[in-house]
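# Residue-level structural notes
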Amino acid sequence: MKRLTSLFSLTFVLLLLLAGCSQNSSAPASSGTETQTSSAEQNSSKDGSTDENTLDKIKKAGKIVIGTGGNYRPFNYMNEKNELVGFDIEWGKIIAEGLGVKPEFVTGQFSGLTPGLLAGKFDILLAGVNVTDERKKSVDFTEPYGRDGVVAVINKEGSNNPADIKDLEGKVVGVIGGATAQAVVKSIGGYKEIKEYPGETEVFKDLVNKRVDLVSIGRDAAGDYLKNSPDGSKLEIAGEPYTIVDVAIPLRKNNALLKEAIDKIILEKKQDGTYQKLAQEHFGLQFDK
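Quick caveat, the model's predicted, so the values are computed rather than measured.

Another aspect to go through is the packing of aromatic side chains. Under the defined criterion, the tally for this structure stands at eleven aromatic pairs. Ring centres of Tyr275 and Phe287 lie 5.1 Å apart, and the angle between their planes is 45 degrees; this geometry places the pair in the tilted category. Placement of Tyr275 in helix H11 (residues 274-283) and of Phe287 in the segment after H11 is noted, with a sequence separation of twelve residues between them. The class for Tyr275 is buried, based on a relative accessible area of 4%. Ring plane angle 50 degrees and centroid distance 5.9 Å describe the contact between Phe283 and Phe287, whose orientation is recorded as tilted. The pair formed by Phe283 and Phe287 is uniform in burial state, with each residue classed as buried. Three or more aromatic residues joined by ring pairs make a cluster, and in this case those are Tyr72, Phe75, Phe87, Trp91, Tyr145, Tyr275, Phe283 and Phe287. We note Arg73 situated over the ring of Tyr77; from NZ or CZ to the ring centre the distance is 4.3 Å.

Another point: the nonpolar core. Core analysis: the largest hydrophobic core is formed by 56 residues, its most contacted members being Trp91, Ile124, Val153, Phe204 and Ile217. Of the residues forming this core, the biggest block, six residues, is contributed by helix H4 (residues 87-99). Beyond its immediate chain neighbours, meaning those up to four positions away, Trp91 contacts Leu126, Tyr145, Ile266, Lys269, Tyr275 and Leu278. Counting 13 residues, the second-largest nonpolar core is a separate cluster that includes Ile165, Ala181, Val185 and Ile194.

Calculation criteria
- Residues numbered from 1 in each chain as written.
- Predicted model: local features only at pLDDT ≥ 70, side-chain atom pairs only at ≥ 80, totals over all residues.
- Heavy atoms only, no water.
- Phe/Tyr/Trp six-rings, centres within 6.5 Å; stacked < 30°, edge-to-face > 60°.
- Helix = DSSP H or I, 4+ residues; strand = E, 2+ residues; numbered from the N terminus.
- Buried < 20%, exposed > 50% of the residue type's maximum accessible area, 1.4 Å probe, protein only.
- Lys NZ or Arg CZ within 6 Å of the ring centre and 35° of its normal.
- Core = buried A, V, L, I, M, F, W, Y, C linked by side-chain atoms within 4.5 Å.
- Contact = heavy atoms within 4.5 Å.

Here it is in structure tokens:
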């Protein structure tokens, strides 16, 4: 009896070993992918983009998708033929040509452009974006392609006009939502109220109609509006700019190859005179650097 029990136990063990060998022989050999990540995965940003994939995607698609406003002269706006034109648009075409692709411009409200960029709706932004420390927390910036400064625009017949952009005590201030000028107003403080608008057309209309005491906006856009708008003669810039800052192209973080390619194009245009030529054409001035 004991001999039969021992034989049965041995047979059972042998069957288990054979079953294990059968399972192992049917499994494919490990390639190491389960524990190792590719270099592209290691370079991935939080939104899933990589250096290689972002630039490759642009070149394989044959286009670069550019987020812009379409309502911020002279940077980006619709002309009388309903064509998208402006300083930003010219730079978009230059950069696309330098990358060997076509530009595709997508317009939207300024406040929604950065979220759209981070969500992957655009490859870059060209929207007169000022470089600030706060923005650097969420995006990277290319070599600057312009210069700007925040000013106060007032109605010549206004009853509560400031002396300059720092004189905000008790004032109702109009701003474009999400723009640097809004952050400047908040940092200065003392104002009675801030009113947000989607673009310069709307904010300047309320200034002309005295619904706000001043408009806080970039110097370049202010100068263009005063020069070219039918209502421009009713307005004027009060005092000097708050600061002069760089205007550059935001792109998602961890896109070093794309940044390097765009930086090279901008630097070439600074060296060949295009940079200052475009400044003169669109703003009637030369940049200080």
